[in-house]
Amino acid sequence: MSWYDIFPLVSTSFILLSGILVAIGWRLIIKKKREAHEKVMVAAAVAATIFFIIYVSRTIFIGNTMFNGPESLKNVYLVFLLFHIVLATVAAVFGITTLTLAYRKNFAKHRKVGRVTAMIWFTTVVTGVTVYVLLYLCYPGGHTKPVIDAIFG
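What you are looking at is a predicted structure, and each value in this text was computed from that prediction instead of being measured. (Residues numbered from 1 in each chain as written. Predicted model: local features only at pLDDT ≥ 70, side-chain atom pairs only at ≥ 80, totals over all residues. Heavy atoms only, no water.)

Here's the deal with the UniProt feature "transmembrane region" (unreviewed entry) in the protein
Thought 1: Those residues carrying the UniProt feature "transmembrane region" (unreviewed entry) are residues 6-28, 40-57, 77-104 and 116-137 in this numbering.
Thought 2: A helix fraction of 100% and a strand fraction of 0% characterise residues 6-28, whose end C-alpha atoms lie 32 Å from each other.
Thought 3: The annotated region residues 40-57 carries 100% helix and 0% strand content, and the separation between its end C-alpha atoms amounts to 26 Å. (UniProt positions renumbered as here; feature names shortened; annotations may be inferred. Helix = DSSP H or I, 4+ residues; strand = E, 2+ residues; numbered from the N terminus.)

Digging into the packing of aromatic side chains
Thought 1: Applying the stated criterion across every chain, the model contains 5 aromatic pairs.
Thought 2: On the numbers, 6.0 Å between centres and 10° between planes, the contact of Trp 26 with Phe 122 is stacked. On the criterion of sequence distance, the pair formed by Trp 26 in helix H1 (residues 3-30) and Phe 122 in helix H4 (residues 107-138) is long-range, its members being 96 residues apart.
Thought 3: Assessed through its relative accessible area of 23%, Phe 122 is described here as partly exposed.
Thought 4: When the ring centre of Phe 107 is taken as origin, the NZ or CZ atom of Arg 34, which lies over that ring, is 5.3 Å away. (Phe/Tyr/Trp six-rings, centres within 6.5 Å; stacked < 30°, edge-to-face > 60°. Buried < 20%, exposed > 50% of the residue type's maximum accessible area, 1.4 Å probe, protein only. Lys NZ or Arg CZ within 6 Å of the ring centre and 35° of its normal.)

Things to note about the nonpolar core
Thought 1: Counting 13 residues, the largest nonpolar core has Val 22 and Trp 121 as the members making the most contacts within it.
Thought 2: For this core, the secondary-structure elements that each account for two or more residues are H1, helix H2 (34-61), helix H3 (71-103) and H4.
Thought 3: What Val 22 contacts, discounting residues up to four positions off in sequence, is Met 41, Ala 44, Ala 118, Trp 121 and Phe 122.
Thought 4: Residues Tyr 4, Tyr 77, Leu 135 and Tyr 136 belong to the second largest nonpolar core, which totals 8 residues. (Core = buried A, V, L, I, M, F, W, Y, C linked by side-chain atoms within 4.5 Å. Contact = heavy atoms within 4.5 Å.)

Below, the structure is given as structure tokens:
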């Protein structure tokens, strides 16, 4: 197994872990277990951050993977990917906002924003895992030129 295969698997695993931790954290707060909720949600944020670091590193040094499926699915895939990217960006902003509200102990707003954030995050995780499955399991493709080579090559 090459770095080309390992990076996407590891990064997708972290985003999936993050989504699972958010679900556990939500359940904990429903059960009024605030300390456990806080720890699990911080772990979810750390997992999401690790995903982001791995994703950016892979993009810079290895490159992104092109869709290698049937031409008839390419436009559908690209629209789906764009939806995922926009959703992930929105989820990141909401996530940072939700964590900041909790840190500032503004729990009334944290509670309201947190529900929306969790739902957006769950959708982001599902679409992210779907992108991984399409690119690496269903239609494995070639990778593009690393950004670092494109800039300095």
